[in-house]
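Chain and residue survey
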Amino acid sequence: MAYNAAGLTRIGGASNADLWFYTTADPIADVNTAGYFNDAADMLSVRDVIIVADTATPTTNLVSVLSNAAGVVDVSDGTAISETDTD
């Protein structure tokens, strides 16, 4: 699938980094591909953190923006947030 601007929301920030929430049915393997967030290049900066909620699986991952140059955005592979409930 492809990036959907309606799924990306800025939820906070500081002078050097913003925190974003992104909801998608895309798996993290698609989301962490270089170029996935190109349409958001004017909003995202290096070191921004994005909470990615995959509504199809469901899983949640944290990614950070590694580079944003010439309109090409690349994010980290993602760190999974454990959603295990053993009780």
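Before going into details, it helps to say that this report is about the structure given with it. Once a new chain begins, its residue numbering starts again from 1 and follows that chain's sequence as written. Given that the model is predicted, a residue must reach a pLDDT of at least 70 before its local features are reported, and side-chain atom pairs must reach 80 or more before they are shown or counted; all residues, however, enter totals for whole chains, interfaces and linings. Computation of side-chain values: all heavy atoms of the structure, hydrogens and water removed.

Let us now look at the pattern of salt bridges. The term salt bridge refers to a pairing of a side-chain nitrogen on Lys or Arg with a carboxyl oxygen on Asp or Glu at a separation within 4 Å. Enumeration over the complete set of coordinates arrives at one salt bridge. Its salt-bridge partner being Arg 10, residue Asp 18 comes within 3.0 Å of it at the nearest N-O pair. On the accessibility criterion, Arg 10 (44% relative accessible area) is partly exposed. Think of it in three bands: residues with accessible area under 20% of the maximum for their type are buried, residues over 50% are exposed, and the middle band is partly exposed, with areas taken using a 1.4 Å probe on protein chains only.

Looking now at the packing of aromatic side chains. Centre-to-centre distance and the angle between the planes together describe a pair of aromatic rings. For Phe, Tyr and Trp, where Trp contributes only its six-membered ring, two rings pair if their centres lie within 6.5 Å, and the inter-plane angle classes them as stacked under 30 degrees, edge-to-face over 60, or tilted in between. One pass over the structure, following the stated rule, counts six aromatic pairs. Each ring, one from Tyr 3 and one from Tyr 22, has its centre 5.7 Å from the other, and the planes form 20 degrees; the classification is stacked. One end of the pair, Tyr 3, is in the segment before strand E1 (8-13); the other, Tyr 22, is in strand E2 (residues 18-24), and 19 residues separate them in sequence. Among the residues examined, Tyr 3 registers a relative accessible area of 12% and is labelled buried. Ring centres of Tyr 22 and Tyr 36 lie 6.1 Å apart, and the angle between their planes is 75 degrees; this geometry places the pair in the edge-to-face category. Of this pair, Tyr 22 sits in strand E2 while Tyr 36 sits in the loop between helix H1 (28-31) and strand E3 (49-54); the two residues are 14 residues apart in sequence, bridging distant segments of the chain. Taken together, Tyr 3, Tyr 22, Tyr 36 and Phe 37 form an aromatic cluster joined through their ring pairs. Secondary structure follows DSSP: runs of H or I at least 4 residues long count as helices, runs of E at least 2 residues long count as strands, and numbering of each begins at the N terminus.

Remember that the coordinates give geometry; whether it matters functionally is a separate question.
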